[in-house]
Amino acid sequence: MTHALKTPDSSQKSNKALYGGTSSRRITVRDIAAAKERGEKWPMLTAYDAMTASVFDDAGIPVMLVGDSMGNCHLGYESTVPVTMDEMTLLSAAVVRGTKRALIVGDLPFGSYQEGAVQALRNATRLVKEAGVGAVKLEGGERSAHQIELLVQAGIPVMAHVGLTPQSVNAYGGYPVQGRGEEAAQQLLRDAKAVQDAGAFAVVLELVPAELAAEVTRILHIPTVGIGAGVECDAQVLVWTDMAGMTPGRMPRFVKQYAKLREALGDAAKAFAEDVVGGAYPAEEHSFH
């Protein structure tokens, strides 16, 4: 007697989904790998504090990056370069405390892994033990493969980052698109394959021509996370202050703003100030007797 294979019903499918899934447990790198097999696209946002992270967790964002972008948009630095391990550990721990479901990925900041694999392991271990992150991220392709390999062997999941690597801003002289031209494209492909071979569970592709990012996504069996890398990547990430319209000034071409939070927050501050100056706040309902 034969039995027909059962296909998962919609509730089972939604339970497995990274975004919109019904499971309340922490998402893991195994879930990320399974999403690649299903062809499921998923979103990632940065987060730097418990309250903002809790909002994104409630919204169903499955992966949050405590990025060294905190240097620019949270700590007031001109670039990511000055961010320290102390700052990264402190804010990563806050994001972990503010979430229940999302996989939290902590960045290894500039100077925390470039000396070699032992330094990388020491600092990645700190993020896992002290902050409680579920994975770490570091920049570089072939040049960082040995660090990735040692971390993975030690049981620390690694998200790689190739293309534009912002920690190298002084070497680049800015933030140019990477992978244009045959030689540059071949190097990016080598970098992507190197981090996969080293054991990375995913790789960020930043400021990469869409066609090249599509080719990398097709070739790799680990997910690609695009930022300025076109629509064919498996996932997309944005800095949350850019996404929500909190960052002042001109946005990069790849940013889509989904709110005008800076304007709304400024309006709220002005309304509060005007109420205080005019004597409208606190009113009777805000007072005790």
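Anything mentioned here points back to the structure above.
Okay, so let's go over this structure. (Residues numbered from 1 in each chain as written. Predicted model: local features only at pLDDT ≥ 70, side-chain atom pairs only at ≥ 80, totals over all residues. Heavy atoms only, no water.)

## Notes on the layout of surface pockets
If you add up the space inside the largest pocket, you get close to 750 Å³. Lining of the largest pocket is provided by 33 residues; of these, Ser69, Asn72, Glu206, Val239 and Asp242 occupy positions nearest its centre. Those elements that provide at least two residues to the lining of the largest pocket are α4 (70-73), β4 (135-139), β6 (202-206), β8 (235-238) and α11 (240-243). Counting residues per element, the lining of the largest pocket draws most heavily on α11, which supplies 3 residues. Per-class residue counts for the lining of the largest pocket are 17 nonpolar, 8 polar and 8 charged. (1 Å grid on protein atoms, 1.4 Å probe; cavity = no way out; pocket = protein on both sides within 12 Å on 5 of 7 lines; lining within 4 Å. Points joined across faces, edges and corners; volume = space filled by probe spheres on them. Helix = DSSP H or I, 4+ residues; strand = E, 2+ residues; numbered from the N terminus. Nonpolar A, V, L, I, M, F, W, Y, C, P; charged D, E, K, R; others polar.)

## Here's the deal with the pattern of salt bridges
Tallied over the full model, the rule gives 6 salt bridges. The salt bridge partner of Asp86 is Arg126, with a shortest N-O separation of 2.6 Å. One end of the pair, Asp86, is in helix α5 (residues 85-97); the other, Arg126, is in helix α6 (residues 117-131), and 40 residues separate them in sequence. In this structure Asp86 comes out as partly exposed when scored by relative accessible area, which is 49%. We note a salt bridge from Lys137 to Asp107, for which the minimum N-O separation is 2.9 Å. Taken together, the positions of Lys137 in strand β4 and Asp107 in strand β3 (residues 103-107) put the pair 30 residues apart, joining distant regions of the chain. The exposure classification of Lys137 matches that of Asp107, with both residues buried. Connected via shared salt-bridge partners are Asp86, Arg126 and Glu130. (Salt bridge = Lys/Arg side-chain N within 4 Å of Asp/Glu carboxyl O. Buried < 20%, exposed > 50% of the residue type's maximum accessible area, 1.4 Å probe, protein only.)

## Regarding the environment of Ala200
Among the secondary structure elements, Ala200 is positioned in the loop between α9 (182-198) and β6. On a C-alpha basis, the gap between Ala200 and Pro157 in space is 6.9 Å, while along the polypeptide they are 43 residues apart. Setting aside chain neighbours within four positions, we find Ala200 in contact with Ile148, Val152, Val158, Ala160, Val195 and Ile222. (Contact = heavy atoms within 4.5 Å.)

## Here's the deal with the packing of helix α7 (residues 145-153) against α9
Following both chains from N to C, one finds α7 and α9 inclined at 20 degrees, their axes separated by 8 Å at the closest point. What the angle tells us is that α7 and α9 run roughly parallel. Once α7 is placed against α9, the crossing between them reads as right-handed. Facing Ala145, Ile148, Glu149 and Val152 of α7, the residues of α9 in contact are Ala194, Val195 and Ala198. Among the residues making up the contact of α7 with α9, the classes are represented as 6 nonpolar, no polar and 1 charged. (Axes fitted to C-alpha atoms, helices over the stretch in contact; angles between N-to-C directions. Parallel < 35°, antiparallel > 145°, perpendicular 65-115°, else oblique. Left-handed = near helix turned anticlockwise from the far one by under 90°.)

## As for the packing of aromatic side chains
With the rule as written, the count across this model stands at 2 aromatic pairs. Geometrically, the ring pair formed by Phe56 and Trp240 is edge-to-face, given 6.0 Å between the ring centres and 70 degrees between the ring planes. Here the residue Phe56 occupies a position in helix α3 (residues 50-58), and Trp240 occupies one in helix α11, the gap between them amounting to 184 residues. On the basis of relative accessibility, which here comes to 9%, the residue Phe56 falls in the buried class. (Phe/Tyr/Trp six-rings, centres within 6.5 Å; stacked < 30°, edge-to-face > 60°.)

## Describing helix α12 (residues 261-278)
At 3.6 residues per turn, the α-helix brings residues three or four places apart onto the same side. Taking 1.5 Å of rise per residue, 18 residues should cover 26 Å, and α12 covers 25 Å from first to last C-alpha, within 8% of that figure. Looking one or two residues beyond α12, the residue adopting positive phi is Gly279, at roughly 80 degrees. (Expected span 1.5 Å × (residues − 1).)

## Some words on the nonpolar core
If you look at soluble globular proteins, the nonpolar side chains tend to sit buried side by side. In terms of nonpolar packing, the biggest core is built from 58 residues, with Leu108, Val136, Leu151 and Leu205 touching the most fellow members. Counting 19 residues, the second largest nonpolar core, distinct from the first, contains Val63, Ala135, Ala202 and Val225. (Core = buried A, V, L, I, M, F, W, Y, C linked by side-chain atoms within 4.5 Å.)

## Overview of the sheet that holds β3
Hydrogen bonds between backbone atoms are what pair the strands of a sheet, whose relative direction is either parallel or antiparallel. Taken in spatial order, the 8 strands of this closed barrel run β1-β2-β3-β4-β5-β6-β7-β8, and their pairing is parallel. The sheet shows a mean angle of 25 degrees between the axes of neighbouring strands, direction not considered. Pairing of strand β2 (residues 63-66) with β3, which is carried by 4 bridges, proceeds in the parallel orientation. When the bridges of β3 are listed, Leu65 appears paired with Val105. (Pairing = 2+ DSSP bridges.)

## Quick notes on the packing of α9 against helix α10 (residues 210-219)
Look at α9 against α10: their axes get within 11 Å of each other, and the N-to-C directions meet at 30 degrees. Overall, the two elements α9 and α10 adopt an arrangement that is roughly parallel. Pair α9 / α10 crosses with right-handed handedness. Seen from α9, the contacting residues are Ala185, Leu188, Leu189, Ala192 and Lys193; seen from α10, they are Leu212, Glu215, Val216 and Ile219. Counted by class, the contact of α9 with α10 contains 7 nonpolar, no polar and 2 charged residues.

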